[in-house]
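What follows is each chain in one-letter form.
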Amino acid sequence: MSYKKEKILCFDAHLDIAMNAMEWNRDQRWTVQQIRASEKGMTDKPDRGRNTVSFPALREGKVGLVVATQISRVVKPGSPIPGWYSQEQAWAQTQGQLQWYRTMEEAGEMKQITDAKSLEESLKLWEIPNEKSPICYVLSLEGADSIISMEHLLRAYNHGLRAVGPAHYGPGIYANGTDSSGRLNERGVELLKTMEKLNMILDATHLNDDAFWHALEIYNGPVWASHNNCRKFVNHNRQFSDEMINELIQHNAVIGVALDAWMMVPDWIRGESTPKARNVTLEIMADNIDHICQLAGDSLHAGVGSDLDGAFGTEQCPYDLDTIADIQKLPGLLKNRGYKSVDIENIMHGNFIRFLKEYFGGKQLLV
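On a predicted model such as this, the values are computed, not experimentally measured, just so you know.

A. Just the packing of helix H6 (residues 150-158) against helix H7 (residues 186-198), in detail. Remark: H6 packs on H7, axes separated minimally by 11 Å, with the N-to-C direction vectors making an angle of 35 degrees. With respect to the hand of their crossing, H6 and H7 are arranged in right-handed fashion. Facing Met150, Leu153, Leu154 and Tyr157 of H6, the residues of H7 in contact are Glu190, Leu191, Thr194, Met195 and Leu198. Across the contact of H6 with H7, the residue classes tally to seven nonpolar, one polar and one charged.

B. Representation of the pairing of strand E2 (residues 65-71) within the structure. Of all seven residues making up E2, seven are buried, and the element is well covered by its neighbours. Here strand E1 (residues 11-15) pairs with E2 via three bridges, running parallel. From the neighbouring strand, aspartate 12 faces E2, where its bridge partner is valine 66. Judged from the seven bridges that link them, E2 and strand E4 (residues 135-142) form a sheet pairing that is parallel. Residue pairing across strands places isoleucine 71 opposite glutamate 142, the latter belonging to E4.

C. Region of interest: helix H4 (residues 87-106). In this model H4 runs 29 Å from its N-terminal to its C-terminal C-alpha over 20 residues, within 8% of the 28 Å that 1.5 Å per residue would give. The complete set of buried residues in H4 reads Gln87, Ala90, Trp91, Gln93, Thr94, Gln95, Gln97, Leu98, Trp100, Tyr101 and Met104. Just downstream of H4, glycine 108 is the residue with a positive phi angle, here 80 degrees.

D. Region of interest: the layout of surface pockets. Considering only enclosed or pocket space, the largest pocket measures out at about 830 Å³ in volume. Forming the boundary of the largest pocket are 33 residues, of which Trp24, Arg73, Pro82, Gly310 and Ala311 lie nearest the centre. In terms of residue class, the lining of the largest pocket is built from 13 nonpolar, nine polar and 11 charged. By volume, the second largest pocket amounts to about 270 Å³. Residue lining of the second largest pocket: 19 residues in total, with Val74, Val75, Gly170, Pro171 and Gly172 positioned closest to the centre. In terms of residue class, the lining of the second largest pocket is built from 11 nonpolar, five polar and three charged.

E. Just the nonpolar core, in detail. Ranked by internal contacts, the top residues of the largest apolar core, which has 112 residues, are Leu65, Leu153, Leu248 and Met285. It is helix H12 (residues 341-360) that provides the largest number of residues to this core, a total of nine residues. What leucine 65 contacts, discounting residues up to four positions off in sequence, is Leu9, Cys10, Phe11, Asp12, Ile113, Leu119, Ser122, Leu123, Trp126, Cys136 and Ile353.

F. Inspection of the state of the cysteines at higher detail. Within the structure shown, the criterion is met by zero disulfides. This cysteine, cysteine 10, is not joined by any disulfide, and cysteine 136 carries the nearest cysteine sulfur, 13 Å off.

G. Geometry of H6. Every buried residue of H6 is accounted for by Met150, His152, Leu153, Ala156 and Tyr157. Buried residues of H6, seen end-on, are gathered within an arc of 150 degrees and therefore sit on one face of the element. Looking at the buried side of H6, the elements it contacts are H4, strand E5 (161-165) and H7. Positive backbone phi, at 105 degrees, marks glycine 160, one or two positions downstream of H6.

H. Representation of the packing of helix H5 (residues 116-125) against H12 within the structure. Where H5 meets H12, the axes come as close as 9 Å, and the angle between the chain directions of the two elements is 150 degrees. As summarised for this structure, H5 and H12 are arranged roughly antiparallel, according to the angle between their axes. Of the residues in H12, those in contact with Ala116, Leu119, Glu120 and Leu123 of H5 are Ile353, Leu356, Lys357 and Phe360. Within the contact of H5 with H12, the residues separate by chemical class into six nonpolar, no polar and two charged.

I. Up close: the pairing of E5. Counting buried residues along E5, five of its five residues qualify, which places the element largely inside the surrounding structure. Bridge count for E4 against E5 is four bridges, and the pairing is parallel. Within the sheet, the bridge partner assigned to leucine 139 lies in E5 and is leucine 161. Crossover E4 to E5 through H6 is right-handed. With two bridges joining them, E5 and strand E6 (residues 201-203) adopt parallel strand pairing. Paired with alanine 163 across the two strands is isoleucine 201, which belongs to E6.

J. Representation of unusual backbone geometry within the structure. Phi is positive for histidine 206, close to 75 degrees, though the residue is something other than glycine. For histidine 206, the position within the fold is in the loop between E6 and helix H8 (209-218). According to the relative accessible area criterion, histidine 206 is buried, its value standing at 4%. Despite not being glycine, asparagine 252 has its phi angle at roughly 60 degrees, a positive value. Examined against the element boundaries, asparagine 252 turns out to sit in the loop between helix H9 (242-250) and strand E8 (255-257). Its relative accessible area of 53% is what places asparagine 252 among the exposed residues.

Definitions and limits used
- Residues numbered from 1 in each chain as written.
- Predicted model: local features only at pLDDT ≥ 70, side-chain atom pairs only at ≥ 80, totals over all residues.
- Heavy atoms only, no water.
- Axes fitted to C-alpha atoms, helices over the stretch in contact; angles between N-to-C directions.
- Helix = DSSP H or I, 4+ residues; strand = E, 2+ residues; numbered from the N terminus.
- Left-handed = near helix turned anticlockwise from the far one by under 90°.
- Contact = heavy atoms within 4.5 Å.
- Nonpolar A, V, L, I, M, F, W, Y, C, P; charged D, E, K, R; others polar.
- Buried < 20%, exposed > 50% of the residue type's maximum accessible area, 1.4 Å probe, protein only.
- Pairing = 2+ DSSP bridges.
- Expected span 1.5 Å × (residues − 1).
- 1 Å grid on protein atoms, 1.4 Å probe; cavity = no way out; pocket = protein on both sides within 12 Å on 5 of 7 lines; lining within 4 Å.
- Points joined across faces, edges and corners; volume = space filled by probe spheres on them.
- Core = buried A, V, L, I, M, F, W, Y, C linked by side-chain atoms within 4.5 Å.
- Disulfide = S-S within 2.5 Å.
- Arc of directions from axis to C-beta.
- Parallel < 35°, antiparallel > 145°, perpendicular 65-115°, else oblique.
- Right-handed = clockwise from strand over helix to strand, strands pointing away.

Dropping the structure here:
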């Protein structure tokens, strides 16, 4: 494994690492190839044998700092979206994911970032990384359905949770997400007020248009979008319109660009479309990054939020990416477009790190 100096540190703002470990039964300490081999012949999930993420692959790609998720939805019986029938079940699921992260910390594989001190320690570890460097992570919650009460949110904060996306797909307990409509409900407003008191990061990803504008209207705390692409290229409510991107820029947000093929090309048909047939490459990621930069007039608001192995694998991501280590192709693509070294570093890691330095430099509660 090579750790050449020309590799640029990458900060990936969205990886469902614990979900893969606990629900897909993937030992993230194995190589990607070992995980693929272990899943040969399995058909329970469409991405079996096609994973792209593991600790060795993250280290090979110098993806040393990440936003790692907890995720668990509440759904009604018969829902086409998988999930749990009660908030209590959903909470227990996220707590199992939390314990997996804790166990990986005990094994020396990961390190949690919760404050300015742990962020600086993590950056130091990745100045000269090696095969044992821990993957340093900020804990995020994708969809807030599992938060039973504001007391549970406080408990989660004390466990290191620093970012929350109120919604995921469809109707939610606090907010409605992708492929739905409607502003935040009363519980959603209470959630954001409590998050603001705790100085938590609001993740605008997955909020439907109504909820997006409502949330940014009332939330006075820090905002980012961990994994979102541009509606300019794929005209679907999962993507941000130019107006929404400009609003996020006004909030000093950073937007992580994702690698799910259906978010990269229009009219993608799950299970039928293929990355090669649709010419899905990392160039499209560069297109989305460039569009955000053009709207901003600088390189300070775009980043990486790959969402790799977010319930999809190589069957639904750029075909010039075999593992997450291939994210190191992105700097060259940006350079070919005229981006300077400082801009490339901003996009690969600098913007999210600056965001976190400013965030941790603010008021942090000791509760």
